[in-house]
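# Topology and contacts: notes
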Amino acid sequence: QVQLVECGGGLVQAGGSLRLSCVASGRTFSTYSMGWFRQAPGKEREFVAAIGWSGGSTYYADSVTGRFTISRDNAKNTVYLQMNSLKPEDTAVYYCAADSLNPPVVLDPRYEYDYWGQGTQVTVSS
């Protein structure tokens with residue numbers, strides 16, 4: 001079992017930055033691919049970014065490429081999402097997820113990662 005706890009969300013003006021963190025329990029963090037997803041009110045959950053076991057491979061949705069950066073620190077059991085140049089359309093609840101497959105599954109709305117956090121709210125004002 002893996003438990004995930006996100007933090008770092010909040011209210012920010014358009015053009016600003018936030019860094020989300022997700023801390024995982026357990027000793028096998030380095031054997032999980034990690035992903036960030038988001039869900040805006042009235043919309044389906046969507047893929048944002050993912051990173052492989054070692055952190056050497058990263059994947060992004062087109063809508064965040066060049067603005068968001070995913071990274072991980074396996075010694076700290078933590079995955080990060082650095083979000084720059086935020087836009088009002090980035091407003092959503094952001095979820096961290098862990099999955100045993102490597103490389104991570106991306107952009108497949110039918111696929112469900114193994115473990116999910118409770119989410120953290122990000123609100124970008126215009």
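Predicted model only: the values in this text are computed from it and were never measured.

We now examine the overall build of the protein chain. Counting secondary structure elements, the protein chain contains zero helices and eleven strands. Taken from N to C terminus, the helices and strands of the protein chain fall in the order β-β-β-β-β-β-β-β-β-β-β. In terms of overall size, the protein chain behaves like a compact globule, its C-alpha atoms giving a radius of gyration of 13 Å where 126 residues would be expected to give roughly 14 Å. Put simply, 59% of the contacts in the protein chain that link residues at least 6 apart link residues at least 24 apart. Accessible surface for the protein chain amounts to roughly 6500 Å². Of this, 49% is attributable to carbon and sulfur atoms. The centroid of the 10 positive side-chain charges in the protein chain is displaced by 6 Å from the centroid of its 11 negative side-chain charges.

Turning to the layout of surface pockets, a few remarks are in order. Of the pockets and cavities examined, the largest pocket occupies roughly 230 Å³. Of the residues contributing to the lining of the largest pocket, the split by class is eight nonpolar, no polar and four charged.

The next point concerns the pattern of salt bridges. In this structure the tally under the stated criterion is five salt bridges. Across the pair Asp90 and Arg67 runs a salt bridge whose closest N-O atoms are separated by 2.8 Å. With Asp90 in the loop between β8 (78-83) and β9 (92-99) and Arg67 in the loop between β6 (58-60) and β7 (68-73), this pair connects stretches of sequence that are 23 residues apart. In this structure, Asp108 engages Arg110 in a salt bridge whose closest nitrogen and oxygen atoms are separated by 3.2 Å. Residue classification places Arg110 among the exposed positions, given a relative accessible area of 75%. Taken together, the salt bridges that share partners define one network made up of Arg38, Glu46, Arg67 and Asp90.

What follows is about the state of the cysteines. Applying the stated criterion to the full structure yields one disulfide. Between the sulfur atoms of Cys22 and its disulfide mate Cys96 the distance is 2.1 Å. Taking the sign of the S-S torsion, -75° for the link of Cys22 and Cys96, the bridge is left-handed. Of this pair, Cys22 sits in strand β3 (residues 18-24) while Cys96 sits in strand β9; the two residues are 74 residues apart in sequence, bridging distant segments of the chain. As far as burial versus exposure is concerned, Cys22 and Cys96 are alike and both buried. Free cysteine Cys7: the closest other cysteine sulfur is in Cys22, separated by 8.6 Å.

What follows deals with the nonpolar core. Nonpolar side chains in soluble globular proteins tend to end up buried together. One finds Leu4, Met34, Trp36, Val79, Leu81, Met83 and Tyr94 to be the most contacted residues of the largest nonpolar core, which totals 35 residues. For this core, the secondary structure elements donating two or more residues are β3, β4 (33-39), β5 (46-51), β7, β8, β9 and β11 (120-125).

Once that is clear, we can look at the packing of aromatic side chains. One pass over the structure, following the stated rule, counts six aromatic pairs. Seen in terms of ring centroids, Phe37 and Phe47 are 5.8 Å apart; in terms of plane orientation they differ by 75°. Their pairing is edge-to-face. Of the two residues, Phe37 sits in strand β4 while Phe47 sits in strand β5, which places them ten residues apart along the sequence. Each member of the pair Phe37 and Phe47 is classed as buried. Geometrically, the ring pair formed by Tyr111 and Tyr113 is edge-to-face, given 6.0 Å between the ring centres and 75° between the ring planes. Given a relative accessible area of 3%, Tyr113 falls into the buried group. Between the NZ or CZ atom of Arg45 and the centre of the ring of Trp116, over which it lies, the distance is 3.9 Å. One cation-aromatic arrangement involves Arg72 over Phe29; the distance from NZ or CZ to the ring centre is 4.5 Å.

The rules behind each value
- Residues numbered from 1 in each chain as written.
- Predicted model: local features only at pLDDT ≥ 70, side-chain atom pairs only at ≥ 80, totals over all residues.
- Heavy atoms only, no water.
- Helix = DSSP H or I, 4+ residues; strand = E, 2+ residues; numbered from the N terminus.
- Rg over C-alpha atoms; globule rule 2.2 N^0.38 Å.
- Contact = heavy atoms within 4.5 Å.
- Areas by Shrake-Rupley, 256 points an atom, 1.4 Å probe, with all protein chains shown as cover.
- Lys, Arg positive; Asp, Glu negative; His and termini not counted.
- Charge placed at Lys NZ, Arg CZ, Asp CG, Glu CD.
- 1 Å grid on protein atoms, 1.4 Å probe; cavity = no way out; pocket = protein on both sides within 12 Å on 5 of 7 lines; lining within 4 Å.
- Points joined across faces, edges and corners; volume = space filled by probe spheres on them.
- Nonpolar A, V, L, I, M, F, W, Y, C, P; charged D, E, K, R; others polar.
- Salt bridge = Lys/Arg side-chain N within 4 Å of Asp/Glu carboxyl O.
- Buried < 20%, exposed > 50% of the residue type's maximum accessible area, 1.4 Å probe, protein only.
- Disulfide = S-S within 2.5 Å.
- Core = buried A, V, L, I, M, F, W, Y, C linked by side-chain atoms within 4.5 Å.
- Phe/Tyr/Trp six-rings, centres within 6.5 Å; stacked < 30°, edge-to-face > 60°.
- Lys NZ or Arg CZ within 6 Å of the ring centre and 35° of its normal.

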